[in-house]
Amino acid sequence: RQATKDAARLAGLLVLRLINEPTAAALAYGLDKDVEGLYAVYDFGGGTFDISILRMEKGVFQVLATGGDSGLGGDDFDHEVAQRFLDERSRDHDLGAASPRDTKVALMMARQAKEDLSIAETGEWELDINGDRSVHKMDRATFEGLIAPYVDRSAVICRGVIADAGVTVEQIKGVVLVGGSTRVPHVRRRVAEIFGSEPLSDIDPDEVVAVGAALQAETLI
């Protein structure tokens, strides 16, 4: 926390207060102005996953429990899709093992496929590696099958954190989504299944923490 304050000051910023990311996300949705209760913040980013259970009481958030996996994130989705594309290239074009450069190119295309399949049911992408082009098709159902084990891991962590907080799912009034990976429809469905209600997703999940921090700063100035 001190290092964060020092960095901000070196950048010429006025440091008013530090708030943790789950609290900032909750503030962005104005949950501090709602009736008192319990909320969850489900943060599935590119490289890490975190889940926090917060209690709002008298306008103040208290973190009851938090957990996560520093090795779980949307990058895992990309690697699964990239490996699928590379396996298809190797099979159809009689190619050898992929080089690190080949993998990098495939990961870039896999990330695009992930984003496309978050808004469309099917898609087609072309890999061009050293002038050797290959076309790859995938539908959303196949994509969801590839990523399901990773999303299931997040569900197990969520249940553990809920237990650590000493509360039940029924007591949690709402769930805030944070992180770009929460744009994936399968992730949102699983969150709804875990918590028994549709998650809050109106604010850009990549910006929700910054929005909450800015709103908090506004009240302090």
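Everything discussed here concerns the structure shown above.
Below or above, wherever it landed, is the structure these notes cover.

## Observations regarding the sheet that holds strand β2 (residues 49-57)
Part 1 of the argument: An order of β3-β2-β1-β6 is seen for the four strands of this open sheet, with the pairing classed as mixed. Edge positions in the sheet fall to β3 (60-69) and β6 (172-178), since each has one partner strand and no second. When the angles between neighbouring strand axes are averaged without regard to direction, this sheet yields 20 degrees.
Part 2 of the argument: Pairing of β2 with β3 involves nine bridges; the strand directions are antiparallel. Residue pairing in the sheet places R55 in a bridge with Q62 of β3.
Part 3 of the argument: Of the strands in this sheet, β1 (37-44), β2 and β6 touch helix α6 (residues 185-195), which is tilted by about 160 degrees from β6.

## Here's the deal with the pairing of β6
Part 1 of the argument: In terms of residue burial, β6 counts as a mostly covered element, since six of its seven residues are buried.
Part 2 of the argument: The sheet contact formed by β1 and β6 spans six bridges and is parallel. The partner of Y39 across the bridge, within β6, is G174.

## As for the environment of G46
Part 1 of the argument: By secondary structure assignment, the location of G46 is in the loop between β1 and β2.
Part 2 of the argument: According to the relative accessible area criterion, G46 is partly exposed, its value standing at 38%.
Part 3 of the argument: Taking the C-alpha atoms as reference points, G46 and D78, separated by 32 residues in sequence, lie 9.5 Å from one another.

## Here's the deal with unusual backbone geometry
Part 1 of the argument: Residues other than glycine seldom take positive phi values, yet N130 does so here, at roughly 55 degrees.
Part 2 of the argument: Counting through the fold element by element, N130 comes out in the loop between β4 (122-129) and β5 (132-139).

## Notes on the pattern of salt bridges
Part 1 of the argument: Summed over all chains, the structure comprises 15 salt bridges.
Part 2 of the argument: For R84, the salt bridge is made with E88, and the minimal N-O distance between the two is 3.6 Å. Of the two residues, R84 and E88 are both situated in helix α3 (residues 74-93); the distance of four residues between them amounts to about one turn of the helix.
Part 3 of the argument: Among the residues examined, E88 registers a relative accessible area of 14% and is labelled buried.
Part 4 of the argument: Note that E126 is salt-bridged to R133, the shortest N-O span being 3.9 Å.
Part 5 of the argument: Bridged by salt links that share partners, the residues D78, R111 and K114 form one connected network.

## Regarding the packing of aromatic side chains
Part 1 of the argument: Taken as a whole and assessed by the stated rule, the structure comprises seven aromatic pairs.
Part 2 of the argument: Among the aromatic residues, those joined into a cluster by ring pairs are Y42, F44, F49, F77, F143 and Y150.

## Some thoughts on α3
Part 1 of the argument: With 20 residues, α3 extends 29 Å between its outermost C-alpha atoms, agreeing within 8% with the 28 Å of an ideal straight helix rising 1.5 Å per residue.
Part 2 of the argument: Among all positions in α3, only G74, D76, F77, D78, V81, A82, F85, L86, E88 and R89 are buried.
Part 3 of the argument: Those residues of α3 hidden inside the fold are in contact with β1, α4 (100-117), β4, β5, α5 (140-165) and α6.

Rules used throughout
Residues numbered from 1 in each chain as written. Predicted model: local features only at pLDDT ≥ 70, side-chain atom pairs only at ≥ 80, totals over all residues. Heavy atoms only, no water. Pairing = 2+ DSSP bridges. Helix = DSSP H or I, 4+ residues; strand = E, 2+ residues; numbered from the N terminus. Axes fitted to C-alpha atoms, helices over the stretch in contact; angles between N-to-C directions. Contact = heavy atoms within 4.5 Å. Buried < 20%, exposed > 50% of the residue type's maximum accessible area, 1.4 Å probe, protein only. Salt bridge = Lys/Arg side-chain N within 4 Å of Asp/Glu carboxyl O. Phe/Tyr/Trp six-rings, centres within 6.5 Å; stacked < 30°, edge-to-face > 60°. Expected span 1.5 Å × (residues − 1).

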